[in-house]
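Fold and contact review
Below are the chains, spelled out letter by letter.
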Amino acid sequence: MGYLLQHIPLESSSVSASSTCKLKAKFNLSGYKNVEKKKVVVGGMFPVHNRVISSNGTLNISLGCEGFNFRAFRWTQTMLFAINEINSDDSILPLTDLGYVIYDSCFTISKAVEGTLTYLTGQDEAVPNYRCGDGPQQAALVGAGGTDLSVATARILGLYHFPQVSYYSSCSALESKFQFPTFHRTIPNDRHQSAAMAKLVLHFGWTWVGTLAADDDYGKYGIKDFRDQVEDAGVCISFAETLPKAHSPLIIQRIVKTVVESTAKIIVVFSSDVDFSPLIHELLKHNVTNRTWIASEAWITSALINQPGVSSLLGGTLGFAVKRADIPGLETYLLRLDPYNDPLTEEFWETVFNCTLSYSRALSQAQQTAQGVNDTLSRAGSGLPDGMCTGKENLAKLNNTFTDVSELRITYNVYKAVYAVANALHNLEHCEDGKGPFVGNSCANISSFEPWQLMYYVKNVRYTVPHTNEEIYFDEGEVKGYYDILNWQVNSNGDISYVKVGHYNGSADVKDMMNIMNDSIVWNSEMLQPPRSVCNENCKPGTRKGIRQGEPVCCFDCIPCADGEISNTTNARECILCGVDYWSNDAHDACVAKVIEFLAFGEPLGITLIAISVFGALLTIAVGVLFIMNFGTPLVKANDPLLTFTLLFSLVVTFLCSIVFIGQPQNWSCMTSNVALALGFSLCLSSIMGKAAVLMLRAQALKAARARAKAAAKAAKAAAEAAANCGNPDVIITNTNKNNDASISAVPEVDSLTCVHQRAMATVATLIQAIACTVWLIIIPPYPVKNMSAQKVILECGIGSVIFICCIFAYDILLALVAFIFAFIARKLEDNFSEGKSMTFSMLVFFIVWISFVPAYLSTRGKFMVAVQIFAILASSFGLLICIFLPKCYILLVKPERNKEEMLRPHIKPRDGTSTGTSASLATAATEVNASTEIGD
């Protein structure tokens, strides 16, 4: 966090606070402020001036501003008018009197930041991260005017979750709620406008256009979205120039030269009026005509652009304007402006009437004029020197942008933004306790609320604008994308008027989005038909000249050469195919040697995979050492420990075989990698299958024995009841269920599959795979190949025979499927140690990994294909290791008290009939057949 307070260490306790803190700068801000006796204050930011005064090498941090903007000044007065209207309206915020703090941003980022910091501080000095004073509650900021300004203010306000409602910043970059979480706007997102411009260009069949964009986010993002859409549709861009933000005659001259030399008759301009105005003046000097301009909403109705004499250049312009509205009472309010109210209004008055309200300044100017012409003061005797304003001048007689309310579009957005904040405050104020949106259904206090609380209401506000009855609501901070399509037409007086010739509605169906009345459009030429704009530029090296009959679909007659082809001359008829070991460069104007690619040991990806493989092997060995240290315990001795160590050995093989896939493919590595992988998994899966087979048979035998025991118990009970009914006094009927179950669990059982059978099963299954791999290596072994089909030479291993590799790995899948079936059947065999469940989960993980591997493997090329294969090997190996051995290691390391013979014995069967048992010890299991026979007897 940056601070404007400089901390100086204290020498002693007697040093005053003034010696430890120093204000870095005093901001020079102008605007309006009315916070006395107000409950809530609304902030505002408007570009009343066009720029800051040049510093001329001085060290002053905060400069004044120049270039008075009458249009923006009208926006400022509109906010004041709206606040006064709200304060006098009993239907909205009847118990709250709104105040305001409005600053002039001077259309400069630094001034916008100064105003934001000052407003957040609550006093005339900015102290970041502090709210100084106990003044009225701050509500939200209306502004700022311009995308760059709004970006700067939104980043600051977002830190404190402080609501912001913009009336002018339409750039699509501001739609990111991650960067600008509190930003809202009453002007449509430029994505809609860019789409509208693209549809307009396509509507008239223009395929060769030029673009001009302001050097800010508004211009860059807007023109980028436009270009993306038209270029996808086959439209070509003749030139793309950027209008400078600072005054630069050289850049303006270069842009004028580009416009004059281009054959494009259609020019799309995404810029503000302030940035576009210097280019207009220069184009008029060069008498540029016969161009049709496509205007963005930022300058289509601007009086700064629509100056006398521009009709020859801009006549016939088409553009998009935001929704227009009439605001009753606003014109009267503007005409009643008091020039003595504040310095900003005074400056406006002096600028618009070209006089001064200061007597001393007027007298000084008159004296200088008189000395220059050797004359006397014409009005000195009356006390009214020349150039002195009376303050009674009539604004209604002026033909000025400030008083022109015929095209209230951005002004209407300001009006809507103020009402959005007011309605959000109204909803906050009238929240009912117990029905609020915050924790515990609580409400916020209008006199002391947090910014994030008001943010909730601004985000969800829905209101109807007074006088227009337009319903406004924010969808992720955005409003609907509606525009009027305007045409600049020259009237009988030679002035330009804005004629509506259509509209665009971004929320409508695709076919109904744009409605244009072609016959109502007046073009900047004598032709009644729309101008025709096609391209005819030379094809550069890297492209070939396409021969087309008639009018081309795409204005570009130049077709880029395909990958692997080049052209090194202008207007080449055909592209030249590069040699086998060469590929075309990015420009497609030269052939370069292909890059040789393989997964090397020394690159980061190879090192990472090797480290993971070694770690997996070491982890497996560590598990084996742990089992050896506890070899005499019941848990390790259970279910054939030899198969357990065989399984661990096979996992070490699978972990280490993945390393063989890394490095430049050789004959031995191609054969070793695949064979080791196939044999390693065969040994692993066959060991699991052998262990799972015993568990499955034991579960089946236990289930059958319990069924027979239950039947015998029922028969004994029936016989006893029959004897009792016959009057035999020696027969006593008892509940035999519990005793039967106990007898089952107490009698040792003998598995039908012994350790020898398990080992034989694993050996035979692995031997089959070994034979298949041997045949594969003898007949058609894998071998290293060069893949020349891409722009790189990819060194990889050829599989040799598709049939063999499919059979070999299909056999591994078969083993995995059989092991899964055996383990799944035995999953409910035991309670204390669920080895059946562990094997079931391990097989599920194995299948999931390899099922996911297939599409990933097929969608990659080169070294990443090898990396995907290694990852699948490692993932499946880790899955088997963790799922099977983690529970056992947990008991050996954490719960050694459970590693006892009695803890591995089966539990007595519950009365609900569910079966329990154990798979951990062959020596302590119950034989179901003997148990059922004894119970039957």
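Description of the structure in this document. (Residues numbered from 1 in each chain as written. Predicted model: local features only at pLDDT ≥ 70, side-chain atom pairs only at ≥ 80, totals over all residues. Heavy atoms only, no water.)

1. Comments concerning the overall build of the protein chain
For the protein chain, the count of helices and strands is 23 helices and 27 strands. When each of the 937 residues of the protein chain is scored for burial, the buried share is 51%. Summarising the internal contacts of the protein chain: among those between residues at least 6 apart in sequence, 71% fall at separations of at least 24. Per element, the accessible surface of the protein chain, about 44,100 Å² overall, is 57% carbon and sulfur. (Helix = DSSP H or I, 4+ residues; strand = E, 2+ residues; numbered from the N terminus. Buried < 20%, exposed > 50% of the residue type's maximum accessible area, 1.4 Å probe, protein only. Contact = heavy atoms within 4.5 Å. Areas by Shrake-Rupley, 256 points an atom, 1.4 Å probe, with all protein chains shown as cover.)

2. Regarding a nonpolar patch on the surface
A cluster of nonpolar side chains, namely L767, I771, V775, I778, I779 and I780, defines an oily patch on the protein surface of about 550 Å² accessible area. Inspection of the secondary structure assignment puts V775 in helix α19 (residues 755-779). On the basis of relative accessible area, V775 is assigned to the partly exposed category, the value being 32%. (Patch = residues over 30% accessible without salt bridge, like charges linked within 9 Å, V, L, I, M, F, W, Y side chains within 5 Å. Salt bridge = Lys/Arg side-chain N within 4 Å of Asp/Glu carboxyl O.)

3. Quick notes on the pairing of strand β9 (residues 208-214)
The buried fraction of β9 is high, at seven of seven residues. Taking every second residue as pointing to the same face, both faces of β9 are buried, with W208, G210, L212 and A214 on one and V209, T211 and A213 on the other. Of the pairings in the sheet, the one linking β9 to strand β10 (residues 236-243) comprises six bridges and is parallel in character. Bridging from a neighbouring strand, T211 pairs with A240 of β10. Of the crossover connections in this fold, the one passing from β9 over helix α5 (residues 217-232) to the parallel β10 is right-handed. (Pairing = 2+ DSSP bridges. Right-handed = clockwise from strand over helix to strand, strands pointing away.)

4. Things to note about the side chain of D148
Within the secondary structure, D148 is located in helix α3 (residues 147-159). A polar contact of 3.2 Å, which involves the side chain of D148, links it to the backbone nitrogen of D217. Not counting the four nearest positions on each side in its chain, D148 is found in contact with I109, D215, D216 and D217. (Polar contact = N/O pair within 3.5 Å; in protein donor to acceptor, adjacent residues only side chain to side chain.)

5. Observations regarding the packing of aromatic side chains
Per the counting criterion, the structure on display carries 39 aromatic pairs. Centroid distance F46 to Y167: 4.9 Å. Interplanar angle 20°. Geometry classified as stacked. Of the two residues, F46 is situated in strand β2 (residues 40-46) and Y167 in the loop between β7 (164-166) and β8 (183-185); the sequence distance between them amounts to 121 residues. Neither F46 nor Y167 differs from the other in exposure class; each is buried. Centroid distance F70 to F348: 5.9 Å. Interplanar angle 70°. Geometry classified as edge-to-face. Here F70, found in helix α1 (residues 70-87), pairs with F348, found in helix α10 (residues 343-353); they are 278 residues apart in sequence, far enough to count as distant. Across this residue pair, the class does not change: F70 and F348 are buried. (Phe/Tyr/Trp six-rings, centres within 6.5 Å; stacked < 30°, edge-to-face > 60°.)

6. Notes on the pattern of salt bridges
When their charged atoms lie close together, side chains carrying opposite charge are able to pair. Per the counting criterion, the structure on display carries 23 salt bridges. Between D97 and K38 there is a salt bridge; the shortest N-O distance is 2.8 Å. A residue pair is termed long-range when its members are at least 10 positions apart, and D97 in the loop between α1 and β5 (98-104) and K38 in the loop between β1 (31-34) and β2 qualify at 59 residues. Residue D97 is classed as partly exposed on the basis of its relative accessible area, which comes to 31%. Measuring nitrogen to oxygen at the nearest pair gives 3.0 Å for the salt bridge that ties D275 to K245. Of this pair, D275 sits in helix α7 (residues 273-285) while K245 sits in the loop between β10 and α6 (249-261), placing them 30 residues apart in sequence. When its relative accessible area of 4% is taken as the criterion, D275 is described as buried.

7. Re helix α20 (residues 802-825)
For α20, spanning 24 residues, the distance from its first C-alpha to its last is 34 Å, which sits close to the expected 34 Å at 1.5 Å a residue. Of the positions making up α20, those classed as buried are I805, I808, Y811, D812, L815, A816, A819, F820, F822 and A823. (Expected span 1.5 Å × (residues − 1).)

8. A few points about the side chain of T108
By secondary structure assignment, the location of T108 is in the loop between β5 and α2 (109-121). Ignoring anything within four residues of it in the chain, the contact list for T108 reads R51, V52 and L149.

9. Thoughts on the sheet that holds β7
In space, the six strands of this open sheet follow the order β1-β5-β2-β6-β7-β8, with mixed pairing throughout. Looking along the sheet, the strands with just one partner apiece sit at the ends: β1 and β8. Along the sheet, successive strands turn relative to each other by an average axial angle of 25°, direction set aside. Contacting β6 (137-142), β7 and β8, helix α13 (residues 451-459) crosses the sheet at an angle of about 35° to β8. (Axes fitted to C-alpha atoms, helices over the stretch in contact; angles between N-to-C directions.)

10. Focus on the nonpolar core
By size, the foremost hydrophobic cluster in this structure holds 108 residues, and its most contacted members are F348 and L425. Of all the elements, helix α12 (residues 410-429) adds the most residues to this core, at 13 residues. Core analysis: the second largest hydrophobic core is formed by 59 residues, A692, A699, A867 and I870 among them. (Core = buried A, V, L, I, M, F, W, Y, C linked by side-chain atoms within 4.5 Å.)

11. Looking at the sheet that holds strand β13 (residues 318-321)
Strands pair in a sheet through their backbones, by hydrogen bonds, and they do so in one of two ways: parallel or antiparallel. Within the open sheet, the eight strands sit side by side as β10-β9-β11-β12-β13-β16-β17-β18. Their pairing is mixed. Of all strands in the sheet, those bounded by a partner on one side alone are β10 and β18 (514-516). Across the sheet, the axes of successive neighbouring strands diverge by a mean angle of 25°, strand direction being ignored. Packing against the sheet, helix α4 (residues 190-203) makes contact with β9, β11 (266-270), β12 (292-295), β13, β16 (482-490), β17 (496-505) and β18, and its axis sits at approximately 175° to β11.

12. Some remarks on α3
The first and last C-alpha atoms of α3 sit 18 Å apart over 13 residues, in line with the 18 Å expected at 1.5 Å per residue. Here α3 lies mainly inside the structure; 11 of its 13 residues are buried. Burial in α3 covers these residues: T147, D148, L149, S150, V151, A152, T153, A154, I156, L157 and G158. Where α3 is buried, its residues touch β2, α2, β6, β7, β8 and α5. With its phi angle positive at about 55°, H161 sits one or two positions after the end of α3.

13. Examining unusual backbone geometry
Glycine aside, negative phi is the norm for most residues, and most peptide bonds take the trans geometry. G143 connects to A144 through a cis peptide bond whose omega is 0°. Residue position: A144 is located in the loop between β6 and α3. One non-glycine residue with positive phi stands out, namely N287, at about 55°. Within the secondary structure, N287 is located in the loop between α7 and β12. At E476, a position not held by glycine, the phi torsion is positive, near 55°. Note that E476 resides in the loop between β15 (471-473) and β16.

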